[in-house]
Amino acid sequence: MSGGVDSSVAAARLVADGHEVTGVTLKLWGGDSDSGCCSVSDVEDARRVAAQLDIPHYVFNFADDFDTHVVEPYVAAHRVGQTPNPCVECNRHIKFARLFERAQQMGFERLATGHHARISSDGGVFRLLRGTDPAKDQSYVLYMLTQRELAQTWLPMEGLTKAEVYDEAARLGLRTAAKPESMDVCFIQRGRRADFLGERIPMTPGVIESTDGSVLGHHQALEMVTIGQRRGLGIAAEGRRYVIDIRPDEGKVVLGTESDLLVDSVELRDLTFTAARPTGRTITAQCQAHGTAHAATLDGSTVHFESPTQRVAPGQVVAIYDGDECLGGGIVAR
Amino acid sequence: MIYLDHAATTTLRDGARRALERSHALAPGNPSGQHGAARLAKYALEEAREVLAERVGARPDQVIFTGGGSEADNLAILGTARAWAEGKRILVSAGEHKAVMSSADLAISEWARLDGASRSRAVGVERSTATRAERIALKSSGHVDLDDMCRRLGADGEVGLVSVMAVNNETGVVQPTSAVGEIVRRMAPRAALHIDAVQAAPWNDLAPIVETADSVAISGHKFGGPQGVGALIAHDPRRLRPLIVGGGQEWGARSGTHNVAGVVAMVAALEETLERRADEAVRIAALALEFRRQIERLWPAVMWNTEPEETVPGIIHLRLPSLQAETVLAMLDHVGVCAAAGSSCQSGAMEPSHVLMAMGFGAEQANESIRLSLGWDTSFADIDGAVSALDAVISQLGGLGAAA
């Protein structure tokens, strides 16, 4: 229970269904933050909701693991010009690993979260499906779940749109009903990403080039630039220019046109599958949390798009789908 | 429910409950007023003050009622340091409650800012750059290290304030307050000595502590009184800068309308505590010993973080090698046993205890430790129930590992 509306309603629904529910809030970050699961006021909100639901509530301190598995890799990835997804790593290493194990150790049968997605079981195989509200679907950040986790995870948000979640929270009189959604990386204060990274790694200034090698200008920090980025580089050029390449060794950022960004395939690493590896069928590949799913085929660890698609930044997640079913995914290798 | 967290807050004593009921049944009356209702309230307040003063060996005008133990500690430390004409060193034991630690650090940082503004003033080397109060080391037994204290008192730069608690709130270790007092008087006769006696009040005679120190903090809910009321017993309250200003109550040391019902109930709790303590201490020490004996028989790998003869009778601190206190406590709670890992913090998350770390524990060892604290109404059945609950939890978690 993050102190947000989704996990509050998730807990309420489980209680209403007659389950013996225990609420847990994770303390993940000791530093400054203004959203996420970390601040005292969020913990208080979660605690208050648990009290309203008359269920026990605990705070587990996984700050050390969060540092090791989420924050440090996040920083390290930026150092080599990548664009990591910390929420995915938190799900992989903290929520569905450390918390999952502790819940099992304590004798709980299921771990429930407020994610908007669905899990179905079909002939003993558990399938991860998109949430009911397409605008709020979070199956993308759960792509790393495998049969082991899916078999013991409940997603009580299934069947609810975000508007319905807010309605239900209000109807139950939960304190979190009026809370705005958190959107940012939970361990970084709004608008402070450059400061956060700057305190931890050196920032590399360098040249901004066009595809023909001519110098267009200079950037302050390669670590703050992302493939596909269009704004914020201070370059006034005719036509839309996108970051099409980042070369950490040379400190270079290369700008090009939208068509320069198009690629036919993307190479993934650390591929995982929710069930069996899909073979010989067309899949779709989704490269952003709420992005379009592009028709593709999977060959080894390479995703071949049926038509050229915008390049995805290394470090980002590509989740693969068959219709509404999330089959798994991986991290863009380069 | 089996409640073994009396060091956090203890059961209201019957005398305190009756006093609260009596006070609430009275007509409204602000003790600062000038009419009959006010006089009734004032009478109850001052009678309580006299009783408290008499029980701890102080004069009534040396008792300042506060909103609890933390406020009393803050008032003693900030109220002393803010009255100085120049920055001085502050020594606190490394095991102090955060109410002491944080106010001492705040006092130092306030003076560091002032010193930064006027560098010409001659202060000790360590002082001028310090942004927090100096910590006096703890020994592995949990006692304050008197040698370290002497070394620090003998170092350059005038020590203006020393704060050493009488009984540690996490481990229950009884500190050598009279030796601390003698050393401070001998080596730093001008320094003020504050003693946080919040955890000592349920168990130990406060008079010698009050005699030794310049100020002593107590808190009602630790000895059967209500929450939100405490007192600072100060040798000279008029020397303290107030934290709360306004109507000038408590000789100006603490403004704000008195919590009359709370004060009266706190003092009633103290009287009942003093009346029954001799018998209760023996009984509770026996219960603690019984717990230890039974657990030792079931799980010989359990480590005891303190020796019973070094602690107050009610606090048991133990380590469960390879098990996370967070997990163990949640599981104990699930079967209705309330225990703790040390002092609780606002978010409820557990941090490695600074007290255990000061005693030489690693973070991992500290995170394997839990505190069970017994109080005046703890029964043999509670102990029996706690033993079987803990036994079941350890079994479910796969037993204890070898101690690292």
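Residues numbered from 1 in each chain as written. Chains lettered and ligands numbered in written order. Predicted model: local features only at pLDDT ≥ 70, side-chain atom pairs only at ≥ 80, totals over all residues. Heavy atoms only, no water.

Let us look at the overall build of chain B. On a plain count of helices and strands, chain B comes out with 13 helices and 12 strands. Over its C-alpha trace chain B gives a radius of gyration of 22 Å, about what one expects of a compact globule, namely 22 Å for 404 residues. Each principal axis of the C-alpha distribution contributes one length, and for chain B these read about 60 × 60 × 35 Å. Sorting the 404 residues of chain B into buried and exposed places 57% on the buried side. Residue pairs at least 24 apart in sequence account for 73% of intrachain contacts in chain B once pairs closer than 6 positions are excluded. If you sum the accessible surface of chain B, you get close to 16,300 Å²; carbon and sulfur atoms cover 52% of it. Looking at chain B, you have 38 positive and 49 negative side-chain charges, and the mean spots of the two groups are 6 Å apart. (Helix = DSSP H or I, 4+ residues; strand = E, 2+ residues; numbered from the N terminus. Rg over C-alpha atoms; globule rule 2.2 N^0.38 Å. Buried < 20%, exposed > 50% of the residue type's maximum accessible area, 1.4 Å probe, protein only. Contact = heavy atoms within 4.5 Å. Areas by Shrake-Rupley, 256 points an atom, 1.4 Å probe, with all protein chains shown as cover. Lys, Arg positive; Asp, Glu negative; His and termini not counted. Charge placed at Lys NZ, Arg CZ, Asp CG, Glu CD.)

Before going further, it helps to spend a moment on the sheet that holds strand 10 (residues 252-256) of chain A. One key point about sheets: their strands pair by backbone hydrogen bonds, in either a parallel or an antiparallel sense. Residue and element names in this part refer to chain A. Pairing in this open sheet of 4 strands is mixed, and the strands run 8-7-10-9 from one edge to the other. Looking at which strands have only one partner, the edges of the open sheet turn out to be strand 8 (215-219) and strand 9 (242-247). Adjacent strand axes in the sheet meet at a mean angle of 30 degrees when their direction is disregarded. Bridging between strand 9 and strand 10 involves 5 bridges; their strand directions are antiparallel. Counted as the bridge partner of Tyr 242 is Gly 256 from strand 10. (Pairing = 2+ DSSP bridges. Axes fitted to C-alpha atoms, helices over the stretch in contact; angles between N-to-C directions.)

On to the side chain of His 219 of chain A. All names here are of chain A. Structurally, the position occupied by His 219 is in strand 8. His 219 sits in the buried class, given a relative accessible area of 5%. Engagement of the side chain of His 219 in a polar contact is seen with the backbone nitrogen of Ala 221, the distance being 3.5 Å. Within the local environment of His 219, its side chain forms a polar contact with the backbone nitrogen of Leu 222, the two atoms lying 3.4 Å apart. Among all residues touching His 219, those that are not within four sequence positions of it are Thr 204, Pro 205, Gly 206, Val 207, Ile 208, Leu 233, Gly 251 and Val 253. (Polar contact = N/O pair within 3.5 Å; in protein donor to acceptor, adjacent residues only side chain to side chain.)

So, about the domain arrangement of chain A. Residues and elements named next belong to chain A. In terms of domains, chain A is made up of domain 1 (5-114 + 156-172), domain 2 (202-257) and domain 3 (261-332). A separation of 37 Å is found between the C-alpha centroids of domain 1 and domain 2. Interface area, domain 1 with domain 2, both sides summed: about 460 Å², of which 57% is carbon and sulfur. When residues of domain 1 are sorted by the area they lose upon contact with domain 2, His 78, Arg 79 and Gly 81 head the list and together hold 71% of the total. Our count for the contact surface shared by domain 1 and domain 2 stands at 0 salt bridges. Run the count over domain 1 and domain 2 and you get 0 residue pairs in polar contact (both at pLDDT 80 or more). (Domains from an automatic or database assignment. Buried area = accessible area lost by both parts, 1.4 Å probe. Salt bridge = Lys/Arg side-chain N within 4 Å of Asp/Glu carboxyl O.)

Right, let's get into the state of the cysteines. Residues and elements named next belong to chain A. Enumeration according to the criterion identifies 0 disulfides over all chains in this entry. Lacking any disulfide linkage, Cys 87 is separated from the closest cysteine sulfur, that of Cys 186, by 6.9 Å. Cys 326 forms no disulfide, and the closest cysteine sulfur to it belongs to Cys 287, at a distance of 12 Å. Exposure remark for Cys 326: the relative accessible area of 0% places this residue in the buried category. (Disulfide = S-S within 2.5 Å.)

Judged by nonpolar contacts, the single largest core of 141 residues is most densely connected at Phe 66 and Phe 187 of chain A together with Val 162, Phe 291, Leu 318, Leu 320 and Leu 390 of chain B. Ranked by residue count, the leading element in this core is helix 9 (residues 260-298) of chain B, at 15 residues. The two domains that each donate at least three residues to this core are domain 1 (5-114 + 156-172) and domain 3 (261-332) of chain A. Not counting chain neighbours up to four residues away, the residues in contact with Val 162 of chain B comprise Leu 91, Ile 136, Met 149, Leu 153, Val 184, Ala 192, Leu 193 and His 194 of chain B. Counting 19 residues, the second largest nonpolar core, distinct from the first, contains Val 5, Val 9, Ala 169 and Leu 174 of chain A. (Core = buried A, V, L, I, M, F, W, Y, C linked by side-chain atoms within 4.5 Å.)

Here the focus is the environment of Thr 171 of chain B. All names here are of chain B. Mapping Thr 171 onto the fold places it in the loop between strand 5 (159-163) and helix 7 (177-187). As a C-alpha pair, Thr 171 and Ser 141 span 30 residues in sequence and 9.8 Å in three-dimensional space. Sequence-distant contacts of Thr 171, defined by excluding residues within four places in its chain, comprise Thr 306, Thr 311, Ile 315, His 317, Val 355, Leu 356 and Met 359. A distance of 3.2 Å separates the side chain of Thr 171 from the backbone nitrogen of Val 173, its partner in a polar contact.

All right, on to the sheet that holds strand 9 (residues 303-304) of chain B then. Residue and element names in this part refer to chain B. Spatially, 9-10-12 is the arrangement adopted by the 3 strands of the open sheet, whose pairing is antiparallel. In the strand order of this sheet, the two ends are held by strand 9 and strand 12 (369-373), each with one partner. Pairing analysis gives 5 bridges linking strand 10 (residues 315-319) to strand 12, with the strands arranged antiparallel. Residue pairing across strands places Arg 319 opposite Ser 369, the latter belonging to strand 12.

The subject of this paragraph is the interface of chain A and chain B. Taken together, the contacts link 17 residues of chain A with 15 residues of chain B. Taken together, the two surfaces of chain A and chain B that pack against each other cover about 1,400 Å², and 51% of this comes from carbon and sulfur. Of the charged contacts, one joins Glu 326 of chain B and Arg 102 of chain A as a salt bridge, the two residues approaching to 2.5 Å between their closest N and O atoms. At the junction of chain A and chain B, the tally comes to 7 residue pairs in polar contact (both at pLDDT 80 or more). For the side of chain A that touches chain B, the secondary structure elements donating two or more residues are helix 2 (40-53), strand 2 (57-61) and helix 4 (86-105) of chain A. Taken together, the residues of the side of chain A that touches chain B sort by class into 8 nonpolar, 4 polar and 5 charged. (Nonpolar A, V, L, I, M, F, W, Y, C, P; charged D, E, K, R; others polar.)

Residue and element names in this part refer to chain A. All told, the structure shown has 8 aromatic pairs over all chains when counted by the stated rule. Between Phe 66 and Phe 187 the ring centres are 5.5 Å apart and the planes differ by 80 degrees, which places this aromatic pair in the edge-to-face class. Placement of the pair is Phe 66 in helix 3 (residues 63-79) and Phe 187 in the loop between helix 6 (162-171) and helix 7 (193-198), with a sequence separation of 121 residues. Measuring from centroid to centroid gives 5.3 Å for Tyr 74 and Phe 187, while their planes differ by 90 degrees, and the two rings are edge-to-face. With Tyr 74 in helix 3 and Phe 187 in the loop between helix 6 and helix 7, the pair connects residues that are 113 residues apart, well separated along the chain. Here the aromatic cluster, defined as three or more aromatic residues joined through ring pairs, consists of Trp 29, Phe 66, Tyr 74, Phe 187 and Phe 196. Cation over ring: Arg 130 sits above Tyr 321, and NZ or CZ is 3.6 Å from the ring centre. Arg 200 extends its terminal NZ or CZ atom over the ring of Phe 196, reaching a point 3.7 Å from the ring centre. (Phe/Tyr/Trp six-rings, centres within 6.5 Å; stacked < 30°, edge-to-face > 60°. Lys NZ or Arg CZ within 6 Å of the ring centre and 35° of its normal.)

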